[in-house]
Amino acid sequence: MSHPGLTGKEIEQILLDSFVPLRWYTRKEAIEIVEKSGRITDDDRRIIDSGEPQFHRRTSNALRNLARLSNVLERNEINPGFWQYRIPE
């Protein structure tokens, strides 16, 4: 079942429009960027099964997709399971 709110593709575009090339961003920073975009709705803030807001999960998925599936972002594991992301030059 699909839930309203920002789609993963919309979140990907927010991140790509906001990230500065060669600067590393954490998941937390990416979530803050999406939140500050002014596009978050009550549907995006809905708490999902994992206990987090829907847009947090969709932001994580967007980062992973941009890094692993489309190779638009580089990623670097700085601690086990803790990644940072950047737009390469």
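The residue numbering used here restarts from 1 in each chain and proceeds along that chain's sequence as written. Side-chain atom pairs in this predicted model are given and counted only at pLDDT of 80 or more, local residue features only at pLDDT of at least 70, and totals for whole chains, interfaces and linings cover all residues. With hydrogens and water excluded, all non-hydrogen atoms of the structure serve as input to the side-chain values.

Q: An account of the overall build of the chain is needed here, citing residue identities and associated values.
A: Each helix is a run of DSSP H or I of at least 4 residues and each strand a run of E of at least 2, with the numbering of both proceeding from the N terminus. Across its full length, the chain carries three helices and three strands. Element order for the chain, N to C, with α for helix and β for strand: α-β-α-α-β-β. Only the C-alpha atoms count toward the radius of gyration. The rule for a globule is 2.2 Å times the residue count to the power 0.38. For a compact globule of 89 residues, the expected C-alpha radius of gyration is about 12 Å, and the chain comes in at 13 Å, within 12% of that figure. Relative accessibility thresholds used throughout: buried, under 20% of the residue-type maximum; exposed, over 50%; partly exposed, between the two (1.4 Å probe, protein chains only). Relative to its 89 residues, the chain shows a buried fraction of 34%. Taking the intrachain contacts of the chain between residues at least 6 apart in sequence as the baseline, contacts between residues at least 24 apart amount to 54%. Contacts are assigned to residue pairs with any non-hydrogen atoms lying within 4.5 Å of each other.

Q: Residues and numbers for unusual backbone geometry, please.
A: With a phi close to 75°, Leu22 is a non-glycine residue in the positive phi region. Within the secondary structure layout, Leu22 lies in the loop between α1 (8-18) and β1 (25-26).

Q: Tell me about the side chain of Gln84, residues and numbers included.
A: Along the chain, Gln84 falls in strand β3 (residues 82-86). A relative accessible area of 14% places Gln84 in the buried class. When near neighbours in sequence (up to four residues on either side) are disregarded, Gln84 contacts Trp24, Tyr25, Glu74, Arg75, Asn76 and Ile78.

Q: How would you summarise the packing of aromatic side chains if you had to cite specific residues and measurements?
A: Stacked, edge-to-face and tilted are the three classes for Phe, Tyr and Trp ring pairs, Trp counted by its six-membered ring, which pair at centre distances within 6.5 Å; planes under 30 degrees apart are stacked, over 60 edge-to-face, the rest tilted. Considering all chains together, one arrives at one aromatic pair under this definition. For the ring pair Phe19 and Tyr25, a centre distance of 4.0 Å and an interplane angle of 5° mean the geometry is stacked. Classification of Phe19 by relative accessible area gives buried; the value is 5%. Tyr25 sits in the buried class, given a relative accessible area of 6%. One Lys or Arg, Arg23, reaches over the ring of Tyr25 and ends 4.1 Å from the middle of that ring. Two conditions define a charge sitting above a ring: the NZ of Lys or the CZ of Arg must be within 6 Å of the ring centre, and it must be within 35 degrees of the ring normal.

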